[in-house]
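Residues per chain are reported as follows:
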Amino acid sequence: MSDKDYYQVLGVERNSTEADIKKAYRKLAIKFHPDKNPGDSESEEKFKEISAAFEILKDPDKRRKYDQYGHDAFRGGPSGGQGVDPFDLFRDAFGGGSGGGNSGFGSIFEDFFGGGNSASANEGTRGSDLRVSVDISLEQAAKGVEKEIKYQHHATCKECTGSGATSGSGKSMCSTCGGIGQVASNQGFISIRRTCPACRGSGVTIENPCQACRGDGRIKSPDKVKVNIPPGVSDGNRLCSRGRGDAGSMGGPAGDLYVDVRIKEHPKFDRDDDDLFHDLLIPFTLATLGGVAQVPTLEGKVSLKIPGGTQANKTFRIKDKGMPNLRSPSRKGDLYARIIIHVPQKLTKLQREKLVDFAKASGEEDLQADEGFLEKAKRLFD
Ligand SMILES: [Zn+2]
Ligand SMILES: [Zn+2]
């Protein structure tokens, strides 16, 4: 850091009031804030200077020391009062939200300058979104279910409450980037900014990093979350649990947890949107004579009237026995029962006689002609 006179840096008199100093700082901070001057390393430098100056002059104690000893009062060591965090300062000076992740100067700048997406230090880095999947049954999909999901994520370190520093340990401005969180390198006419490698974009250096999280402020740990899976959910639907992904670093907001719903195959039902399909196996006699069949549904069996002479593949619609609609669960799909006719593979002697009689009565001459062959074949295998 330069040793420029702090009063000069802020353009105020040595006997200025606190209010004057704050006013001067605010004016300059807006002018030179890196967000307003992307890629301009001179402005960055200036911003650092005014931050450093304001940090000292806004505090009556520090100001007194500075007046007495000059820059020497603040040299070296964590106790030297070098806890300059330009962006915290900036937030303070503008009455921005404290510690609330993205509630800081980004939004202030949006207010002042009409937006613009800027990645900056000390806004913190948003935690990663995570994805997990949960398997449920079709019955659970129909009724809705609360599921507890166990997963791993980077959670805020409890030891240091996310600060990354052991308690009592201060933070100082990162000397590599001067608290900006980014470093610029000039290549010809182009100035390229990249995340500061020393502080990983936070703009601060932690003097005594927390042992538990090694200064990251986050620890990989197991967690669980309850998700309410709504009735009518479909395979592949994705639910979002806000803020349950990885914790943000340096006060950044947490990521989200996405939960992919997977519905296990059901032995009895196929699904198409809200409708269910079931292959209903009935004896050929029932198909021929007519009667009543029992059809399984997700809520027990229902009786289905089978008219005499029902053909294979005939499909019956059973109203409102499908899945609830995801958007309006009181509305339900239908259940379609497709007839599969069961042809017996083994007959008793009596059954055979009756069926032969039936065939004769039906005048099925061809079938009678084949009877001799069938009888012989049967003897061969008996
Ligand atoms: Zn840095
Ligand atoms: Zn920690």
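The structure under discussion appears in the preceding block.
Heads up: these notes are all about the structure in this document. Worth saying up front: this structure is predicted, and the values here are computed from it rather than measured. (Residues numbered from 1 in each chain as written. Chains lettered and ligands numbered in written order. Predicted model: local features only at pLDDT ≥ 70, side-chain atom pairs only at ≥ 80, totals over all residues. Heavy atoms only, no water.)

**As for a nonpolar patch on the surface**
Right, so step 1: Taken together, Phe189, Ile190 and Ile192 make up a surface patch of nonpolar side chains, about 390 Å² in accessible area.
Right, so step 2: Within the secondary structure layout, Ile192 lies in strand β5 (residues 190-195). (Patch = residues over 30% accessible without salt bridge, like charges linked within 9 Å, V, L, I, M, F, W, Y side chains within 5 Å. Areas by Shrake-Rupley, 256 points an atom, 1.4 Å probe, with all protein chains shown as cover. Salt bridge = Lys/Arg side-chain N within 4 Å of Asp/Glu carboxyl O. Helix = DSSP H or I, 4+ residues; strand = E, 2+ residues; numbered from the N terminus.)

**Structural notes on unusual backbone geometry**
Right, so step 1: Here the phi dihedral of Thr161 falls at roughly 45°; this positive angle occurs in a residue that is not glycine.
Right, so step 2: Within the secondary structure layout, Thr161 lies in the loop between β2 (145-156) and β3 (171-173).
Right, so step 3: With a relative accessible area of 65%, Thr161 lands in the exposed category.
Right, so step 4: Unlike most non-glycine residues, Asp320 shows phi in positive territory, near 65°.
Right, so step 5: Relative to the elements of secondary structure, Asp320 occurs in the loop between β14 (315-318) and β15 (335-342).
Right, so step 6: Given the relative accessible area of 39%, Asp320 is considered partly exposed. (Buried < 20%, exposed > 50% of the residue type's maximum accessible area, 1.4 Å probe, protein only.)

**Some details on the packing of helix α2 (residues 18-32) against helix α3 (residues 41-57)**
How two helices sit against one another is set out by the angle between their axes and by the gap between those axes.
Right, so step 1: Two elements in contact, α2 and α3, have axes whose closest approach is 9 Å; the angle formed by their N-to-C orientations is 160°. Relative to α3, α2 is oriented roughly antiparallel. In this structure, α2 crosses over α3, and the sense of that crossing is left-handed. Here Ile21, Lys22, Tyr25, Leu28, Ala29 and Phe32 of α2 come into contact with α3, specifically with Ser43, Lys46, Phe47, Ile50, Ser51, Phe54 and Leu57.
Right, so step 2: For the contact of α2 with α3, the residue count by class is nine nonpolar, two polar and two charged. (Axes fitted to C-alpha atoms, helices over the stretch in contact; angles between N-to-C directions. Parallel < 35°, antiparallel > 145°, perpendicular 65-115°, else oblique. Left-handed = near helix turned anticlockwise from the far one by under 90°. Contact = heavy atoms within 4.5 Å. Nonpolar A, V, L, I, M, F, W, Y, C, P; charged D, E, K, R; others polar.)

**Let's talk about the coordination of the zinc ion (ligand 1)**
Right, so step 1: The zinc ion (ligand 1) binds to the protein through Cys174 (SG), Cys177 (SG), Cys196 (SG) and Cys199 (SG), with metal-donor distances spanning 2.2 to 2.3 Å.
Right, so step 2: Coordination at the zinc ion (ligand 1) comes from four donor atoms whose angles at the metal span 104 to 115°, giving a geometry best classed as tetrahedral.
Right, so step 3: Look at where the donors of the zinc ion (ligand 1) fall in the sequence and you get C-x2-C-x18-C-x2-C. Residue Cys177 is found in the loop between β3 and β4 (182-187), and its partner Cys199 is found in the loop between β5 and β6 (204-206); the two are separated by 22 residues along the sequence. Like Cys177, the residue Cys199 is buried in the burial classification. (Donors = N, O, S within 2.8 Å, 3.2 Å for Na, K, Ca; no water. Tetrahedral: all angles 85-135°; square planar, octahedral: opposite > 155°, others 65-115°.)

Spatial relationships are all this shows, so hold off on functional conclusions.
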